[in-house]
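Structural description and commentary
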Amino acid sequence: VLLNCVFFFLQGFICGFSIATGAAARLLSGYDSYGNICGQKNVKVEGIVNSGLDLTHKKYVFFLDPCNIDLVHQKIKSIALCVSACPRKELKTLADIQKFAETNGSTLCSYELQPSEYTTDPRAAKLCPKYPVPESAPIPLFHRCAPVNISCYAKFAEALITFVSDSSVLHRLISGVMTSKEIIMGLCLLSLVLSMILMVIIRYISRVLVWILTILVILGSLGGTGVLWWLYAKQRISAGALDTQIAKDNLQALLIYAIAATVFTVILFLIVLIMRKRVALTIALFHVAGKVFIHLPLLVFQPFWTFFVLILFWAYWITVLLFLGTTGSPVPNEEGFVEFRMAGPLKYMWWYHVVGLVWISEFILACQQMTVAGAVVTYYFTREKRNLPFTPILASVNRLVCYHLGTVAKGSFIITLVKIPRMILMYIHTQLKGKENACARCMLKACICCLWCLEKCLTYLNQNAYTATAINSTNFCTSAKDAFVILVENALRVAAINTVGDFMLFLGKVLIVCSTGLAGIMLLNYQRDYTIWVLPLIIVCLFAFLVAHCFLSIYEMVVDVLFLCFAIDTKYNDGSPGREFYMDKVLMEFVENSRKSMKEAGRGGGAEGRELKPM
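Read on for a plain summary of the structure. Predicted model, so just to flag it, every value in this text is computed and none were measured. (Residues numbered from 1 in each chain as written. Predicted model: local features only at pLDDT ≥ 70, side-chain atom pairs only at ≥ 80, totals over all residues. Heavy atoms only, no water.)

Moving on, we come to the nonpolar core. Residues Leu299, Tyr555, Val558, Leu562 and Leu587 are the most contacted members of the largest nonpolar core, which totals 57 residues. Contributing elements (two or more residues each) for this core: helix 7 (181-239), helix 8 (245-295), helix 10 (349-380), helix 13 (476-489), helix 14 (491-525), helix 15 (534-572) and helix 16 (585-605). The greatest single-element share of this core, amounting to 17 residues, is contributed by helix 15. Taken together, domain 2 (184-295 + 496-596) and domain 3 (336-474) each give at least three residues to this core, which thus spans both. Contact partners of Leu587, with chain neighbours within four places excluded, come to Leu281, Ala284, Leu285, Val288, Tyr380 and Phe566. If you look at the next biggest cluster of nonpolar residues, it comprises 33 residues, including Tyr34, Phe63, Cys82 and Ile97. (Core = buried A, V, L, I, M, F, W, Y, C linked by side-chain atoms within 4.5 Å. Buried < 20%, exposed > 50% of the residue type's maximum accessible area, 1.4 Å probe, protein only. Helix = DSSP H or I, 4+ residues; strand = E, 2+ residues; numbered from the N terminus. Domains from an automatic or database assignment. Contact = heavy atoms within 4.5 Å.)

Over its 35 residues, helix 12 (residues 438-472) extends 50 Å from the first C-alpha to the last, a length consistent with the 51 Å expected when each residue adds 1.5 Å. Restricting attention to buried positions, one finds in helix 12 the residues Leu444, Ile448, Leu451, Glu455, Asn462, Gln463, Asn464, Ala465, Tyr466, Thr467, Ala468 and Thr469. Where helix 12 ends, the next residue or the one after it, Ser473, has phi of about 60°, a positive value. (Expected span 1.5 Å × (residues − 1).)

Attention now goes to the pattern of salt bridges. Scanning the entire structure with this criterion turns up 6 salt bridges. Where Arg123 meets Asp121, a salt bridge forms, and the shortest distance between an N and an O atom there is 3.1 Å. When its relative accessible area of 40% is taken as the criterion, Arg123 is described as partly exposed. A salt bridge links Glu455 to Lys419, with the shortest nitrogen-to-oxygen separation between them at 3.3 Å. Highlighted residues: Glu455 in helix 12 and Lys419 in helix 11 (residues 392-431), separated in sequence by 36 residues. Judged on exposure class, the residue Glu455 and its partner Lys419 are both buried. The structure contains a network of salt bridges with shared partners spanning Glu362, Lys419, Arg422 and Glu455. (Salt bridge = Lys/Arg side-chain N within 4 Å of Asp/Glu carboxyl O.)

Shown next, in the form of structure tokens:
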């Protein structure tokens, strides 16, 4: 907790430092190429002409060539001036620029030129804006004059959207989005409703769905294997007539494919045979998870709160990042204009800021996991569901804030320690793309892959550690050790839940995306005004997948918490007086069925069979 508090304090220091050094004023009010902040009196910068001006009445930043965008450095390569008003209509000649200055009192040429000199001074070609000057409007809050016509930024947009090679295509795509914004919002709402409905009905269809999927996979593997052997037999019969090298190669390839398919089918049969009873546990856990959402309806809204907090933090982070981009001391560049740069160790503050983005984002997500775990643990270990607290979610949040912030901070810090090196390696791989040799590229990708796998394993272990903390109120390391032991003892059941369960939830996501996309196609197809509605449909499908992922990930989280509770319950209780189970009736039926099958195995297996236990 202390380390986390120190980290948060330093994050606040970065924000305060950037504001104190004038970065906030430069970001919000804007500044010209000579270091003057628009809308206020300025201090003279040594060696820079036109600096230290009183620009109290000139509140907007205007670029002489706003469409000259440097894609490499991601900035506008143009002289910036402070003006009193943005040109609200297109200015085609220097005479129009002069008339605009005389009429509105807003001089669009450099400070050393007077409006009367715009059409006579030869320096006007360099010191006045490139014409025609596009119609522009001030950006709210940031006081920059931005061209109204988006075609000005077509080059930049095409660099970002590689599939667009014609600016007219870009215009039609954007116009399609703007025209169909009501349909897009309606379809996004539809995906939200479908996600909620699926979370309710999945408890009723889980048993049928699991076995249908299992049968389909088995039939598919059998069918594929049979077809391969049939093709091999047919090819072998006709190989005598076509005694060529190509026919022999095809025959050998078919034999290899058929053998591989047969091995895969046999392995699949064995896995289904071994894990068939554990699939029953997955079905039971999904059924109980549906009951959890009925008793704890606020769990459905948990993704909203997490997403809202993340959006607030990301907005703060981007704001501070923009502050850091405009902080520092004024320094003349090679062109004679002013740039603001930080010197010494302070110029590396943005690295610390990036680490803060990763750690605090992981911290917020870990708080969600801890909250869900606490609420589900309260539900599971309350024998009489009528005696549940009025708001288990708020009670879980209260316990998190009072007792478990250190646990969450440590877990999120461990994930950060793995994620940061992976991000650095990915950045290096991107920068060296096409320059490194094959061996270095392979090693770099292998390191990235290993770190990704380690991150996923630690994330899963952390989630179970939070559940163990919610059950036993132990520290993070003790909880992680206990959770790891439980998971190892139930490795096959964990595998069944994480394969069958995750595949079911993935199919649920696909169902929601397909349903929303189909509705989108039907609605957009009747709108003849759109030239291209591919982009609106892509936006809708991406949003539908995001919504489905957020909701069903909560469902997956509840199932994982229930499994750990079930494993601990069956480890320390056996249903005898004084050691009664806490589990739901559905899980109790699973345990009873397991005991019956074990007794039958015990009769056939002698003494060894009598030693079998439920877990």
